[in-house]
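Chains, contacts and geometry: an overview
Residue strings, one per chain:
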Amino acid sequence: TCPLGPSSSPRKKSVEPSSSRQGKALARDLIPTPRPSRLMPPLKPWMFYLLAFAGCYNLLVGLCLTVFYHEVFKNLGLPKPELMLFVQLSGILIGLFGVGYLLVALNPVRNRSLLLLGFLSKAIGTLLSIGHAIHGSVPWIFLILLFFSDIIYLPFFWIILRDLDRLADHEL
């Protein structure tokens, strides 16, 4: 099994009691009583895999914008800015969001605020990018890249955030 995979539900032991008193004690031990997060994994498998994919994708994009920025601008057909520092800083930030998504995948309830930051970044970045496309400062074809980098994640991140917030409320 993959150590990074989604958690599995706890297994119940099958025990045959030898006496009625022992049976009651053993039965009491077999009934789970921990908090809700212990009874079921905090993330459904699709949520874990989406966060892991988003994390790896952001790490790759961050690396490309930080190290291979010349090729990125060439392949997108965009003119390179004179000062690449801001492109590289954006790449570092995108890569750090990737680390954040991986941290959420590994410890969802504790790191859910990182997912909120990622969600807000994708939502605000989407609005900003659409505004630039409307004003003509980026080509409309850029919206395809925007769709697969940001827009597509928004509804899924919202669902994950909602579920994690509900789970965190039960843990209080």
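Residues numbered from 1 in each chain as written. Predicted model: local features only at pLDDT ≥ 70, side-chain atom pairs only at ≥ 80, totals over all residues. Heavy atoms only, no water.

1. As for the nonpolar core
Within the largest apolar cluster, 21 residues are counted, with the highest numbers of intra-cluster contacts made by L43, L51, Y101, L115, F157, I160 and L164. Counting only elements with at least two residues in this core, the list comes to α3 (45-67), α5 (85-106), α6 (112-135) and α8 (154-171). Per-element accounting of this core gives the leading share, seven residues, to α8. Those residues in contact with L115 that sit more than four places away from it in its chain are L51, Y101, V104, F157, I160 and L161. (Core = buried A, V, L, I, M, F, W, Y, C linked by side-chain atoms within 4.5 Å. Buried < 20%, exposed > 50% of the residue type's maximum accessible area, 1.4 Å probe, protein only. Helix = DSSP H or I, 4+ residues; strand = E, 2+ residues; numbered from the N terminus. Contact = heavy atoms within 4.5 Å.)

2. Details of the packing of α5 against α6
Interaxial distance between α5 and α6 falls to 9 Å at its minimum, and their mutual angle equals 135°. Relative to α6, the element α5 lies oblique. Classified by chirality, the crossing of α6 by α5 is left-handed. Taking contact as the criterion, the partners of F97, G100, Y101, L103 and V104 in α5 are, on α6, L114, L115, L117, G118, S121 and K122. (Axes fitted to C-alpha atoms, helices over the stretch in contact; angles between N-to-C directions. Parallel < 35°, antiparallel > 145°, perpendicular 65-115°, else oblique. Left-handed = near helix turned anticlockwise from the far one by under 90°.)

3. Some remarks on the side chain of D163
Turning to its location among the elements, D163 is positioned in helix α8. Within the structure, the side chain of D163 is placed 3.4 Å from the side chain of K44, a separation counted as a polar contact. Looking at D163, its side chain comes within polar contact range of the side chain of R162, at 3.3 Å. If we skip the residues at most four places from it in the chain, D163 touches K44 and M47. (Polar contact = N/O pair within 3.5 Å; in protein donor to acceptor, adjacent residues only side chain to side chain.)

Geometric values such as these leave the question of function open.
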